[in-house]
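Observations on chain architecture
Here's the letter readout for the chains.
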Amino acid sequence: MNQTYRMAFFYVFIFCIIGMLAGCGKNDADSPNTQAQNGHESPSEYKGGPAELIVYDYSIGLTDAQFESFFVEPVKAKYPEISLVRTTESIDKQIAAGTFPDIVLVSNVSLIKMMEDYAIPDDLTQMIKTYNIDLGQIEPAAVAQVKKIGDQKTFNGLPISINYGATIFNKDIFDKFGVAYPKEVMTFEEALEIAKKLTRTEGGTNYKGFLPTDLRQMFWQYGVPVYDKAAKKAILTTDAHAKVLSLVQQFYSIPGFIEGTNFRYNPDLFFKEQRLAMYPLWINAINLYFERAGTKDAFKWDLAASPTFSDRPGLGRELDFHMASVSTTSKNKEAAYMVLKTLLSKEVQLKISKAGRVSALLDDEIRNAFGEDSGLFNGKNLQAIFKVKPSPLPESSKFDPQINAIVNADVSRDVMVNGIDINTALRKGEEKANKEIDGIGQ
């Protein structure tokens, strides 16, 4: 009998222990503290069911292969129920057809247009909190710009890649004329002095020393707006505008720089014709330009940072980045959030970097892998481009494209080719821009 009692007690004891363990597990899983620790406040498992998302590439220029690599493959691996369809059809045609994108891929320059004209990008503030997206790991200038566009109230897009400024230079031209290579970081004034030495004719070939970015982009880099929101008018006649235009004019005034009435030069001048010594451009574009020209191994070249204004040290070309936004009208927002979260994963950001787009993440391992897929930057001083930071952008408006078109066409030609003085050209441009704005309506 004692043996029977002992056995009974043993089994009761075992069952109690099992029950306590099961009960403890259930209670802990349901408790708020454990939910936070186990990530229940940062959901990683998708529960929304099958979803087909339309991804609208408005202005970041993905190739079909990049869309498959950055979006389709990693999302399918993590969330098999989510499928993605890419479209570049204009938003107006999509609306007319009764369709609307779930995710919009847009540059920071275009985000304000998508917000004001179409009210597409949703506020991602709650999504960022729910899924514990660490904005501190993203390029600070990009995060600050998204907040600025949203008036510090909304956050309407997650940066996924950065378009970093760089200066590519033809070492053969420098060697030919016995001029020292540019420093890793130089001012526009220093670039101007080099340009004076290398803008010359030799053996019937006209060489150019340096090609500034267009006037619109120089205004951006210097941080001067072209529209006054308070006055609701174009603004081009400040001292800052005149200062920037005067600097650009000095490059174009070098004897031999302008050929006839032609003051516009495209990337072929550097990559195909090999007549340009220094070319400031986006690092993301270099591989494409070499592929088009077919001159990858035709001459020696290297990299320096984007030139800086002497009174804005450490700030290179204007901030430009690509982001993913979720449409306010999407019926599959949970699925869209999973896509955005996947895009910021180290795995996908590494793919983006290797493919030749600068990662949005501040991760040395990822950025050091930049361009590995092409091998184009092997042996090049790639890290020089990161020795300056992107220049913060000035206030922007939906009228900027119209104003900037006048800046690049009328104002630039008046000064560079027609010989009109700077103040007069800027005043004429401002007057023309305001007439266009009045025609569009506020």
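Going by the structure above, here's the rest.
What you see is a predicted model, and the numbers here were worked out from it, not measured in a lab.

Procedures and definitions
- Residues numbered from 1 in each chain as written.
- Predicted model: local features only at pLDDT ≥ 70, side-chain atom pairs only at ≥ 80, totals over all residues.
- Heavy atoms only, no water.
- Helix = DSSP H or I, 4+ residues; strand = E, 2+ residues; numbered from the N terminus.
- Buried < 20%, exposed > 50% of the residue type's maximum accessible area, 1.4 Å probe, protein only.
- Contact = heavy atoms within 4.5 Å.
- Areas by Shrake-Rupley, 256 points an atom, 1.4 Å probe, with all protein chains shown as cover.
- Phe/Tyr/Trp six-rings, centres within 6.5 Å; stacked < 30°, edge-to-face > 60°.
- Lys NZ or Arg CZ within 6 Å of the ring centre and 35° of its normal.
- Pairing = 2+ DSSP bridges.
- Axes fitted to C-alpha atoms, helices over the stretch in contact; angles between N-to-C directions.
- Parallel < 35°, antiparallel > 145°, perpendicular 65-115°, else oblique.
- Left-handed = near helix turned anticlockwise from the far one by under 90°.
- Nonpolar A, V, L, I, M, F, W, Y, C, P; charged D, E, K, R; others polar.
- 1 Å grid on protein atoms, 1.4 Å probe; cavity = no way out; pocket = protein on both sides within 12 Å on 5 of 7 lines; lining within 4 Å.
- Points joined across faces, edges and corners; volume = space filled by probe spheres on them.

**Here we look at the overall build of the protein chain**
Within the protein chain one finds 18 helices and 15 strands. Among the 442 residues that make up the protein chain, the fraction classed as buried is 48%. Intrachain contacts of the protein chain at a sequence separation of at least 6 include 76% that bridge at least 24 residues. Summing over all exposed atoms, the protein chain offers an accessible surface of approximately 20800 Å²; the carbon and sulfur share of this is 51%.

**Side note on the packing of aromatic side chains**
Following the criterion strictly, the structure yields 27 aromatic pairs and no others. Centroid distance F370 to F377: 5.3 Å. Interplanar angle 50 degrees. Geometry classified as tilted. Each member of the pair F370 and F377 is classed as buried. Members of the aromatic cluster, connected to one another through ring pairs, are F270, F271, Y279, Y289, F290, F299, W301, F370 and F377. We note K176 situated over the ring of F177; from NZ or CZ to the ring centre the distance is 5.9 Å. Above the face of the F257 ring, K208 is positioned so that its terminal group lies 5.9 Å from the ring centre.

**Remarks on the sheet that holds strand β4 (residues 158-162)**
Within the open sheet, the six strands sit side by side as β2-β1-β3-β13-β4-β14. Their pairing is mixed. Both edges of this open sheet fall to β2 (82-87) and β14 (358-359), since each of them pairs with a single strand only. Bridge analysis of strand β3 (residues 103-107) against strand β13 (residues 321-326) gives five bridges, and the strand direction is antiparallel. Within β13, the residue paired with V104 across the bridge is S325. Sitting on the sheet, helix α3 (residues 64-78) touches β1 (51-57), β2 and β3, and the angle it makes with β2 is about 160 degrees.

**A look at the packing of α3 against helix α15 (residues 346-354)**
Here α3 crosses α15 at 160 degrees, and the two axes come no closer than 10 Å. Regarding the angle of α3 to α15, the classification is roughly antiparallel. Along this stretch, α3 crosses α15, giving a crossing that reads as right-handed. Across from S69, F70, E73, P74 and K78 in α3, the residues of α15 making contact are E347, V348, K351 and I352. Classifying every residue of the contact of α3 with α15 by side-chain character gives four nonpolar, one polar and four charged.

**So, empty space enclosed by the protein**
Counting across every chain of the model gives three cavities of 30 Å³ or more. By volume, the largest cavity amounts to about 60 Å³. Every residue lining the largest cavity is listed: T213, D214, L215, V248, Y252, F263, R264, S412 and M416. Listed by contribution, the elements that provide at least two residues to the lining of the largest cavity are α11 (239-252) and α17 (400-416).

**So, the sheet that holds strand β11 (residues 301-304)**
Across the sheet, five strands lie side by side as β6-β7-β10-β5-β11; this open sheet has mixed pairing. Strand pairing shows two members of the sheet lacking a second neighbour, β6 (200-202) and β11, which therefore form its edges. The average angle at which neighbouring strand axes cross in this sheet is 35 degrees, direction not considered. Direction of pairing for β6 relative to strand β7 (residues 205-210): antiparallel, over a ladder of three bridges. The residue of β7 that forms the bridge with E202 is T205. On the sheet, helix α9 (residues 188-198) packs against β6, β7 and β10 (276-282) and is oriented at approximately 165 degrees with respect to β7.

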